[in-house]
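# What the coordinates show
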Amino acid sequence: MTLMPPPAADGTTRVLWRWTGSTPDVAARARIALICALDQFGCGGEVLDDAVLAVSELVANALEHAPGPYEMRLRCTAADLICEVEDRDPRIPVVPAFPVAAPFEPDPEKRGGGVDALLEVVGERGRGLHIVHQLTCGAWGFTARRREGVKVAWMAIPRD
């Protein structure tokens, strides 16, 4: 895997990693590429952990639901770092409705909550975008470039 240098603060976009459907260990390699880039920006702690988990979900979705090749990029803005995952399907997915309450709060009709509720939520398919939404505080989305036949899933990573 070849890692690219992080983008400059001028909004330049840098490709962090490219892969295909036959590339092994995609999620792990994407996490490593993002960790290395964010480390160069001084990101750590919960911000880093949340970004790495969220990008794992975006990468897994691209790999499962869209043809490749794929690309992960990082763009630096004044306030945020924008991580993008591009695939070769210009269709924007239907995003399931997000629950009004936080998805990991205890269910009063069930014992437990916390970890039990989390395991119930992540045990079902189709919850990855809920996780991305939670981890990014809603600062994520999709854009499509239909003429080019691509879609980009993006998420903002705070620079603090």
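Scroll up to find the structure this text is about.
Residues numbered from 1 in each chain as written. Predicted model: local features only at pLDDT ≥ 70, side-chain atom pairs only at ≥ 80, totals over all residues. Heavy atoms only, no water.

In terms of helices and strands, the protein chain carries 4 helices and 5 strands. Ordered by position in the sequence, the α and β elements of the protein chain form the string β-α-α-β-β-α-α-β-β. For the protein chain, the residues scored as buried account for 38% of the 160 residues in total. Long-range contacts, defined as pairs at least 24 residues apart, comprise 64% of the intrachain contacts of the protein chain with a sequence gap of at least 6. (Helix = DSSP H or I, 4+ residues; strand = E, 2+ residues; numbered from the N terminus. Buried < 20%, exposed > 50% of the residue type's maximum accessible area, 1.4 Å probe, protein only. Contact = heavy atoms within 4.5 Å.)

Okay, the pairing of strand 3 (residues 80–87) next. Burial within strand 3 is extensive, with 7 of its 8 residues counted as buried. As paired strands, strand 2 (residues 70–76) and strand 3 are joined by 6 bridges and run antiparallel to one another. Directly across from Met72, in strand 3, lies its bridge partner Val85. Between the end of strand 2 and the start of strand 3, which pair antiparallel, lie 3 residues. (Pairing = 2+ DSSP bridges.)

Next up on the list: the sheet that holds strand 3. Taken in spatial order, the 5 strands of this open sheet run 1-2-3-5-4, and their pairing is antiparallel. Edge strands, defined here as strands with exactly one partner in the open sheet, are strand 1 (13–19) and strand 4 (140–145). Strand-to-strand twist in this sheet, taken as the mean axis angle between neighbours without regard to direction, amounts to 20°. Sheet analysis places strand 4 next to strand 5 (residues 150–158), joined by 6 bridges and oriented antiparallel. Paired with Gly141 across the bridge in strand 5 is Trp154. Packed onto the sheet, helix 1 (residues 26–40) meets strand 1, strand 2, strand 3 and strand 5 and runs at close to 160° relative to strand 1. Along the sheet face, helix 2 (residues 45–65) touches strand 1, strand 2, strand 3 and strand 5 and points at about 170° away from the line of strand 5. (Axes fitted to C-alpha atoms, helices over the stretch in contact; angles between N-to-C directions.)

Within a pair of aromatic rings, the relevant descriptors are the distance that separates the centres and the angle that separates the planes. For the coordinates displayed, the defined rule picks out 3 aromatic pairs. Ring centres of Trp17 and Trp19 lie 4.7 Å apart, and the angle between their planes is 20°; this geometry places the pair in the stacked category. Here Trp140 and Phe142 contribute two aromatic rings whose centre-to-centre distance is 5.7 Å and whose plane-to-plane angle is 80°, an arrangement assigned as edge-to-face. Take Trp140: its relative accessible area is 11%, and that puts it in the buried class. (Phe/Tyr/Trp six-rings, centres within 6.5 Å; stacked < 30°, edge-to-face > 60°.)

Attention now goes to the pattern of salt bridges. Under the defined criterion, the tally for this structure stands at 10 salt bridges. Measuring nitrogen to oxygen at the nearest pair gives 2.8 Å for the salt bridge that ties Arg88 to Glu86. Residue class for Glu86 comes out buried when judged on its relative accessible area of 5%. Of the charged contacts, one joins Glu86 and Arg145 as a salt bridge, the two residues approaching to 2.7 Å between their closest N and O atoms. (Salt bridge = Lys/Arg side-chain N within 4 Å of Asp/Glu carboxyl O.)

Tracing the sequence through the fold places Leu74 in strand 2. Separated by 40 residues in the primary sequence, Leu74 and Leu34 have C-alpha atoms spaced 8.4 Å apart.

Let us now look at the packing of helix 2 against helix 4 (residues 128–135). Orientation of helix 2 relative to helix 4, taken along the N-to-C sense of each, is 150°, at an axis distance of 9 Å. It follows that helix 2 is roughly antiparallel to helix 4 by the angle criterion. Considering how the two elements wind past one another, helix 2 and helix 4 form a crossing that is left-handed. Contacts from Asp50, Leu53, Ala54, Glu57, Leu58 and Asn61 in helix 2 reach Gly128, Leu129, Ile131, Val132 and Leu135 in helix 4. (Parallel < 35°, antiparallel > 145°, perpendicular 65-115°, else oblique. Left-handed = near helix turned anticlockwise from the far one by under 90°.)

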